[in-house]
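Examination of the molecular architecture
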2 protein chains.
Amino acid sequence: MHHEEQHISKAFDRDLEAIQAQIMKMGGLVEAAIVDAAESLAMRDEDLAKKVVDGDKVIDELDFTVNEEAARTLAIRQPSAFDLRTVLSVIKISNNLERIGDYSKNMAKRTGVLVQMSPIEETGPAIRRMARAVEVMLKDALDAYVQRDPELAEDVRQRDLEVDQMYNSLFRNFLTYMMEDPRNITACMHLHFIAKNIERMGDHVTAIAEQVIYLSTGHIPEDPRPKGDRTAFETTGGH
Amino acid sequence: MHHEEQHISKAFDRDLEAIQAQIMKMGGLVEAAIVDAAESLAMRDEDLAKKVVDGDKVIDELDFTVNEEAARTLAIRQPSAFDLRTVLSVIKISNNLERIGDYSKNMAKRTGVLVQMSPIEETGPAIRRMARAVEVMLKDALDAYVQRDPELAEDVRQRDLEVDQMYNSLFRNFLTYMMEDPRNITACMHLHFIAKNIERMGDHVTAIAEQVIYLSTGHIPEDPRPKGDRTAFETTGGH
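Definitions and limits used
Residues numbered from 1 in each chain as written. Chains lettered and ligands numbered in written order. Predicted model: local features only at pLDDT ≥ 70, side-chain atom pairs only at ≥ 80, totals over all residues. Heavy atoms only, no water. Helix = DSSP H or I, 4+ residues; strand = E, 2+ residues; numbered from the N terminus. Buried < 20%, exposed > 50% of the residue type's maximum accessible area, 1.4 Å probe, protein only. Contact = heavy atoms within 4.5 Å. Areas by Shrake-Rupley, 256 points an atom, 1.4 Å probe, with all protein chains shown as cover. Buried area = accessible area lost by both parts, 1.4 Å probe. Nonpolar A, V, L, I, M, F, W, Y, C, P; charged D, E, K, R; others polar. Least-squares fit on C-alpha atoms with pLDDT ≥ 70 in both. Expected span 1.5 Å × (residues − 1). Axes fitted to C-alpha atoms, helices over the stretch in contact; angles between N-to-C directions. Parallel < 35°, antiparallel > 145°, perpendicular 65-115°, else oblique. Left-handed = near helix turned anticlockwise from the far one by under 90°. Salt bridge = Lys/Arg side-chain N within 4 Å of Asp/Glu carboxyl O. Phe/Tyr/Trp six-rings, centres within 6.5 Å; stacked < 30°, edge-to-face > 60°. Lys NZ or Arg CZ within 6 Å of the ring centre and 35° of its normal. pLDDT = per-residue confidence, 0-100.

1. Structural notes on the overall build of chain A
Looking only at helices and strands, chain A features 6 helices and 0 strands. Reading chain A from its N end, one meets helices and strands in the order α-α-α-α-α-α. Put simply, chain A has 239 residues, and 53% of those count as buried. In chain A, the proportion of contacts linking residues at least 24 apart, taken out of those at least 6 apart, comes to 86%. When the accessible area of chain A is evaluated, it comes to approximately 10,200 Å², of which 51% is carbon and sulfur surface.

Pasting the structure below:
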């Protein structure tokens, strides 16, 4: 019996490793999508934008595969409560990666529109910096997952505040540009969207980091992370 | 052996019913949150907005409970592949409900800001209509889930296109109001946010409807639903 349990457990480990390999592949593609989407915007590069939009299909397919494989593993291996938690986390992480991929695709789609308008000074590099910060967070969150490192995960979670602050600062800039010159309004509406999407990507990376903490400690972090998006309370100008 | 299997199956059914009852409770709270958030905005009712913001905690707690109960059921009952799919769907539906609750909370938070500004003509009622459409879609999606009715689910999925069209129309109005008078810019930025959040709620309702179709037919709808948000390609004015 003990021998059989070990056998089952090894088969489970093998399945889980295969699924985690898919997650890592997804992670790599999503990291590239974030960076390329921001780059396509900053460099007004429509070919690169198209590459991001087309590449999202592969990420979606990987998410679907992870879900199917995870369900199959649960059905065949009947894992223990602990292993079960791991599989459920994998499903959640895959779902978050898929959403970040979607946001990157949406960002890239707007490149085609924005190249038709005059560039808004300094926003390209600022958006690129924000995207890079999220990409590094994602890389660290996935490293924390592989190494089951709750401290690195907590560090990622805290860094999301910086992304929120970058967003707040951009939001104020957009308001200013629009008020200075109404011809900036359409471009700023699109750019604001992109900035908000990157801020949301940060939230999804945070959700991945929280799954790592949950896996290592058994509970979701208690103190809610202080939310840095203050624009819901922003009333600068235009009353 | 057969007798035991039946016993296990009944215990599983009981667990699943308990979890589905939580989902229905969540669904009711989320429907109310959508409507109340839009109402608080249209009526400039800060007390109602506060109720929505505070109430989101309960929705989050229900989501956590559903996840824990689902994991417990999987661990104890070792369900068949089919039952397993049902439990995984419940987790996904709960996650989508939690997200819709979050969007409602974010919408309500902005009521406090918007009451400090002059109202933008006709947008309150338009946003309320959009929120009502999403609320009815959600009600139908949950009915489709309970009745395992893939046709009703497909109908919900198609109706999301109307929500997308309402959003497109509002987006164009906001651009116009901002260009007409820069004093409208800040309010329109917030209102645009709200409209986009409602459009995203529609996407999450669609995801619930797709889970119902998956449960009934074994696969996610093949033809991607035509996306109705065309604003990524919008270049009206302001070049």
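Still to come is the rest of the account.
2. Quick word on the interface of chain A and chain B
Where interface size is given, it is often the accessible area lost as the parts come together that is meant. With 52 residues of chain A at the interface, the matching set in chain B holds 52 residues. Together, the buried faces of chain A and chain B total about 4,300 Å²; carbon and sulfur atoms form 62% of this surface. Where the side of chain A that touches chain B is concerned, the elements lending two or more residues are α2 (46-77), α3 (81-114), α5 (150-180) and α6 (185-217) of chain A. Tallied by class, residues from the side of chain A that touches chain B come to 26 nonpolar, 16 polar and 10 charged.

3. Describing the relation of the copies chain A and chain B
If you rotate chain A by 180° and push it 0.0 Å along the axis, it lands on chain B with an RMSD of 0.0 Å. The superposition of one copy onto the other is thereby described by a two-fold rotation axis. Proximity to the rotation axis, assessed at the C-alpha, singles out Q78(A) in chain A; its C-alpha lies 3.0 Å from the axis. Mapped onto chain B, 100% of the interface residues of chain A are again interface residues, and the two copies thus contact each other with one and the same surface.

4. Quick notes on helix α6 (residues 185-217) of chain B
Helix length check: α6(B), at 33 residues, gives a terminal C-alpha distance of 47 Å against a target of 48 Å (1.5 Å per residue), a fit within 8%. Of all 33 residues in α6(B), 28 are buried, a share of seventy percent or more.

5. What to know about the packing of α3(A) against helix α3 (residues 81-114) of chain B
For any two helices packed against each other, the geometry is given by the interaxial angle and the distance between the axes. For the pair α3(A) and α3(B), the least separation of the axes is 12 Å and the interaxial angle reads 45°. Classified by the angle between their axes, α3(A) and α3(B) sit oblique to one another. Read as a crossing pair, α3(A) and α3(B) show a hand that is right-handed. Only L88(B), I91(B), K92(B), N95(B), R99(B) and Y103(B) of α3(B) make contact with α3(A), whose side of the interface consists of L88(A), I91(A), K92(A), N95(A), R99(A) and Y103(A). For the contact of α3(A) with α3(B), the residue count by class is 6 nonpolar, 2 polar and 4 charged.

6. Considerations on the pattern of salt bridges
Inspection of every chain in the model, using the stated rule, returns 26 salt bridges over all chains. Between R128(A) and E39(A) there is a salt bridge, with the nearest N and O atoms lying 3.2 Å from each other. Within this pair, whereas R128(A) is found in helix α4 (residues 123-146), its partner E39(A) is found in helix α1 (residues 2-42), the two being separated by 89 residues in sequence. Here R128(A) falls in the partly exposed class, since its relative accessible area comes to 26%. For E39(A), a relative accessible area of 23% puts it in the partly exposed group. For D54(B), the salt bridge is made with K50(B), and the minimal N-O distance between the two is 2.7 Å. Note that D54(B) and K50(B) are positioned in helix α2 (residues 46-77) at a spacing of 4 residues, about one turn of the helix. Look at K50(B) and you get exposed, because its relative accessible area is 52%.

7. Some details on the packing of aromatic side chains
All names here are of chain A. Taken as a whole and judged by the stated rule, the model has 2 aromatic pairs over all chains. Seen from their ring centres, Y167 and F171 are 6.2 Å apart, and the 45° between their planes marks the pair as tilted. Separated by 4 residues within a single helix, Y167 and F171 lie in helix α5, roughly one turn from each other. No difference in accessibility class separates Y167 from F171, as the two residues are buried. The ring centre of Y145 lies 4.5 Å from the NZ or CZ of R148, which sits over that ring. Here the basic side chain of K196 rests over the ring of Y167, its NZ or CZ set 4.9 Å away from the ring centre.

8. Here's the deal with the side chain of T111(B)
Residues and elements named next belong to chain B. On the secondary structure map, T111 appears in helix α3. We classify T111 as buried; its relative accessible area is 1%. Apart from residues lying up to four places away in sequence, T111 is in contact with A37, S40, L41, D45 and A49.

9. A short note on unusual backbone geometry
Here R44(A), not a glycine, exhibits a phi torsion of approximately 50°, which is positive. Mapping R44(A) onto the fold places it in the loop between α1 and α2. The phi dihedral of R148(B) is positive, around 45°, even though this residue is not glycine. With respect to the helices and strands, the residue R148(B) is situated in the loop between α4 (123-146) and α5 (150-180).

10. Structural notes on the confidence of the model for chain A
Residue-level pLDDT values for chain A average 88, and 90% of them are 70 or greater. Taking the mean pLDDT of every element in chain A, the minimum, 87, falls on α1(A) and the maximum, 95, on α4(A).

11. A few points about the environment of K57(A)
With respect to the helices and strands, K57(A) occurs in helix α2. Since its relative accessible area comes to 53%, K57(A) is described here as exposed.

12. Brief notes about α4(A)
End to end, α4(A) covers 35 Å across 24 residues, agreeing with the expected 34 Å (1.5 Å per residue, within 8%). Just downstream of α4(A), R148(A) is the residue with a positive phi angle, here 45°.

13. Considering the packing of α3(A) against α4(A)
Residues and elements named next belong to chain A. Running from amino to carboxyl end, α3 crosses α4 at an angle of 170°, the nearest separation of the two axes being 13 Å. Here α4 runs roughly antiparallel to α3, going by the angle between their axes. Seen from α3, the contacting residues are T86, V90, I93 and L97; seen from α4, they are L138, L142 and Y145. Taken together, the residues that form the contact of α3 with α4 break down as 6 nonpolar, 1 polar and no charged.

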